[in-house]
Every structure is written in structure tokens, then in C-alpha cells.
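Structure assessment
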Amino acid sequence: MHACTYLIKEKNSTHDSILITDFSLPQLKCRIILAASNYGEHMKRILIGVLVFSTHVAFAISKPCGGEPGKRHINGRGFVSNQASVSVTAYIGVGASVCGHAKVEDKARVVANATISGNARVSNNAIVSSDAIVSGNTIVSGDAKITGKATLTGNASVGGTAIIAGHAWVDEMAKISDSAKVYGDAIVNGQASVNGYARVYDLSRVSGNAKVYGSALIAGRARISQNAFVCLGLTVKDITTNK
């Protein structure tokens, strides 16, 4: 919390001085202006009480893991719920949270404002950063990176050197591996898999038992579903295919 208090002398004013206090909080900004000559102590106490109450509300709203009891991790000072498990070799940045029964192992890193929750597991040298959310029963391993405002949930897994970024959403039983990348506003779900050097981006969606691999590019509003295979260097954009 940052607080700054200062006095302003106003010319041609009926006030002797004005006390202005600014409080900046993650989810709340408050300002109190007290005219010293026009307000009695009673009014000042009321206004200060409002500020203190608002400050407590802001802290309650911004508590990590929804208020779950926990502690700061020795490596990075990020928040770790009492039910979660984090290796001493893992790094949890000061703004990051590991909640629920999640596990962060090996030399994995959770930084910025990222959140790991549920029964999710992040291991090896994986990195979860920015405002990314990893939840459910998901697994992030290898040198994979989950970043931006991406969401990984359900029973999905990401491994190898794969990257999930932007506002991408990966869930259910989807698997992203090798050097594949899912980004933009793309969605991969069902039992779909994306691997090799494949790219899935824009507003595209890969679902069902579809497989995207090789150097395939899925873009635009493409829909790849059911038992479709997209491989090699094929580019699919604004097309629906299920076989």
C-alpha cells in the first residue's frame, strides 16, 4: 500500500488548509479531503473511519487464493496455500499464488500474477507467468510456458517446449506438446492434440479427437473437430473440417 499525505494552502479560500490523503491499493483508490477550518473532529473521524473500512475491504478482496490460509514461499515470496505443495527449488514470485492442492515442483517458476489452483501440477522447468491461470487436474511439464491471460484447466496437459499465450483456452483432455503454440483467442479442448511445430491461433478452435501436428497452421475462425487430422505444412483458415 502506498499512502501520501500533504497540506495545501489555498489563496482566497475560507479554509486555513486542506488535508488530502491518497491511498493506492491493487483494487481500490481512495482520497480524503479534510478542510481543517470547516470540519470538526467528529466529521474527520467519520471520514477517516470510511477510509479505514474501505482499506480493509480492499485487502479482503485482494487476498490471494480467496483467503485460504497459507504462507510466503522462501524462494520468491509468492503465496502458497497450506494445502498446496511447493518444492524449495521452485520459484514463486511475490505476486503469484499457488492455491488449493496444487503442486509446483523441481525448478518450475510461477511469476507475475499467475495462479495455480485445484490439483494442477507444474514441474520440471515449466514457467507460468503474467496473468495466466492453471487449474483443475492439469499438468504443465518440461520447458512449457503458460503466459499472457491464457487458461489451462480440466485435465489438459502441456509439455515439451510448447507455449500457451494470449487469451488462449485449453481444457478437458487436450494435449499440447513438442514445440506447438496455442495463442490469440484460440481454444483447444475435447481430446484434441496439438504437437510438432503446429500453431493454433486467432479465433480458431480444435476439439473432439482432432490432431494437429507437423508444421500445420490453424488460424482465423477455423474449426477442426471430430477425428480430423491436419499435418505437415498445411494451413487451415476460416474453414471447418471434421475428417
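As the structure is a computational prediction, the values presented were derived from the model and not from experiment. (Residues numbered from 1 in each chain as written. Predicted model: local features only at pLDDT ≥ 70, side-chain atom pairs only at ≥ 80, totals over all residues. Heavy atoms only, no water.)

So, the overall build of the protein chain
Counting secondary structure elements, the protein chain contains 1 helix and 32 strands. With 243 residues in all, the protein chain has 41% of them scored as buried. Contacts in the protein chain between residues at least 24 apart in sequence constitute 4% of all its contacts with a sequence separation of at least 6. When the accessible area of the protein chain is evaluated, it comes to approximately 12700 Å², of which 54% is carbon and sulfur surface. (Helix = DSSP H or I, 4+ residues; strand = E, 2+ residues; numbered from the N terminus. Buried < 20%, exposed > 50% of the residue type's maximum accessible area, 1.4 Å probe, protein only. Contact = heavy atoms within 4.5 Å. Areas by Shrake-Rupley, 256 points an atom, 1.4 Å probe, with all protein chains shown as cover.)

Regarding unusual backbone geometry
Residues other than glycine seldom take positive phi values, yet E172 does so here, at roughly 55°. Among the secondary structure elements, E172 is positioned in the loop between β20 (169–170) and β21 (175–176). We note that D178 has phi near 55°; this positive angle belongs to a residue other than glycine. With respect to the helices and strands, D178 occurs in the loop between β21 and β22 (181–182).

Examining the sheet that holds strand β18 (residues 157–158)
Strand order in this open sheet of 9 strands is β6-β9-β12-β15-β18-β21-β24-β27-β30, and the pairing throughout is parallel. Edge strands, defined here as strands with exactly one partner in the open sheet, are β6 (85–86) and β30 (229–230). The pairing of β6 with strand β9 (residues 103–104) spans 2 bridges and is classified as parallel. In the sheet register, S85 faces β9, and the bridge partner there is K103. (Pairing = 2+ DSSP bridges.)

Remarks on the state of the cysteines
Here a disulfide denotes one covalent bond, and it connects the sulfur atoms of two cysteines. Inspection of the entire model under this criterion finds 1 disulfide. At a sulfur-sulfur separation of 2.0 Å, the disulfide partner of C65 is C99. Residues C65 and C99 share a disulfide whose torsion about the S-S bond is about -80°; that sign makes it left-handed. Of this pair, C65 sits in the loop between α1 (41–61) and β4 (70–72) while C99 is found in the loop between β8 (97–98) and β9, placing the two residues 34 residues apart along the sequence. Here the two residues C65 and C99 agree in accessibility, since each one is buried. (Disulfide = S-S within 2.5 Å.)

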